[in-house]
Amino acid sequence: MLKIGIAADHAGYSQKELLKKKLEGEQYQLIDYGAYGVDPDDDYPDVVSPLAKALSKGEIQKGIAICGSGVGVSIAANKFNGVRAALITETYSAHQGVEHDDMNMLCLGARVIGSELIFEITKTFLKAQFEDEERFRRRLNKTLALENKHKKL
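Please read all numbers here as calculations on a predicted model, not as lab measurements. (Residues numbered from 1 in each chain as written. Predicted model: local features only at pLDDT ≥ 70, side-chain atom pairs only at ≥ 80, totals over all residues. Heavy atoms only, no water.)

Trainee: What exactly am I supposed to notice about a nonpolar patch on the surface here?
Mentor: Where nonpolar side chains cluster on the molecular surface, the patch consists of Val71, Ile75 and Leu87 and spans about 230 Å² of accessible area. Mapped onto the elements of the fold, Ile75 is located in helix α3 (residues 71-77). (Patch = residues over 30% accessible without salt bridge, like charges linked within 9 Å, V, L, I, M, F, W, Y side chains within 5 Å. Areas by Shrake-Rupley, 256 points an atom, 1.4 Å probe, with all protein chains shown as cover. Salt bridge = Lys/Arg side-chain N within 4 Å of Asp/Glu carboxyl O. Helix = DSSP H or I, 4+ residues; strand = E, 2+ residues; numbered from the N terminus.)

Structure, rendered in structure tokens:
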């Protein structure tokens, strides 16, 4: 069973809750990393950090982060080693990002796309698997080398 985490700030909270309901009954173990209510004063780095940390440590296999635009959670999540987060707005990139780039965190904009598209993108992301071909491994290894080289300059 795929272990996935989900998190959202106040702007993404209602979409997170709708998505959780739609994912019920699927073959996933879903862990909610917050927010647990609407707090207009919460900040996306604070909510995405526990999710990104869990993904970085291997406690979950994939993550879903939602904020107003999806940009903030994407930027913050990519500060964690091993997290490959991307803002996605359509299904092609949702599977291609996993298949070719081993993307492991999906970032979504609750104020940009609707709940049905969010669900379709999420299903596509969760079903996709990294295509373990030489050219994709080579590119991923180059990306990981950049991450290791620039950890703390």
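Trainee: What am I meant to see in the packing of helix α1 (residues 13-23) against helix α5 (residues 115-127) here?
Mentor: Any two packed helices are characterised by how steeply their axes cross, that is the angle between the axes, and by the distance between the axes. In the contact formed by α1 and α5, the axes pass within 10 Å of each other and the chain directions differ by 55°. Judged by the inter-axis angle, α1 sits oblique to α5. At the point where α1 passes α5, the crossing takes the right-handed sense. Along its contact with α1, which presents Gln15, Leu18, Leu19, Lys22 and Leu23, the element α5 presents Ser115, Glu116, Ile118, Phe119, Thr122 and Leu126. Here the residues of the contact of α1 with α5 sort into six nonpolar, three polar and two charged. (Axes fitted to C-alpha atoms, helices over the stretch in contact; angles between N-to-C directions. Parallel < 35°, antiparallel > 145°, perpendicular 65-115°, else oblique. Left-handed = near helix turned anticlockwise from the far one by under 90°. Contact = heavy atoms within 4.5 Å. Nonpolar A, V, L, I, M, F, W, Y, C, P; charged D, E, K, R; others polar.)

Trainee: How should I be thinking about the pairing of strand β5 (residues 105-109) in this particular structure?
Mentor: Within a regular strand, the side chains alternate between the two sheet faces. Most of β5 sits out of view: five of its five residues are buried. Burial along β5 is two-sided: Met105, Cys107 and Gly109 and Leu106 and Leu108, pointing in opposite directions, are all buried. Taken together, the five bridges between strand β3 (residues 62-67) and β5 define a ladder with parallel strand orientation. Across the sheet, Gly63 pairs through a bridge with Met105, a residue of β5. Across three bridges, strand β4 (residues 85-87) lies against β5 in parallel orientation. Bridge pairing in β5 places Leu87 opposite Cys107. (Buried < 20%, exposed > 50% of the residue type's maximum accessible area, 1.4 Å probe, protein only. Pairing = 2+ DSSP bridges.)

Trainee: What is the right way to read the sheet that holds strand β2 (residues 28-32) from this model?
Mentor: By definition, the strands of a sheet pair up through backbone hydrogen bonds, in either a parallel or an antiparallel sense. Spatial strand order, β2-β1-β3-β5-β4: five strands in an open sheet with parallel pairing. With partners counted over all chains shown, the strands left at the sheet margins are β2 and β4, one partner each. Strand-to-strand twist of the sheet, defined as the mean angle between neighbouring strand axes without regard to direction, takes the value 20°. On the sheet, helix α2 (residues 44-56) packs against β1 (2-8), β3 and β5 and is oriented at approximately 175° with respect to β3.

Limitation: the analysis is restricted to geometry and does not speak to function.
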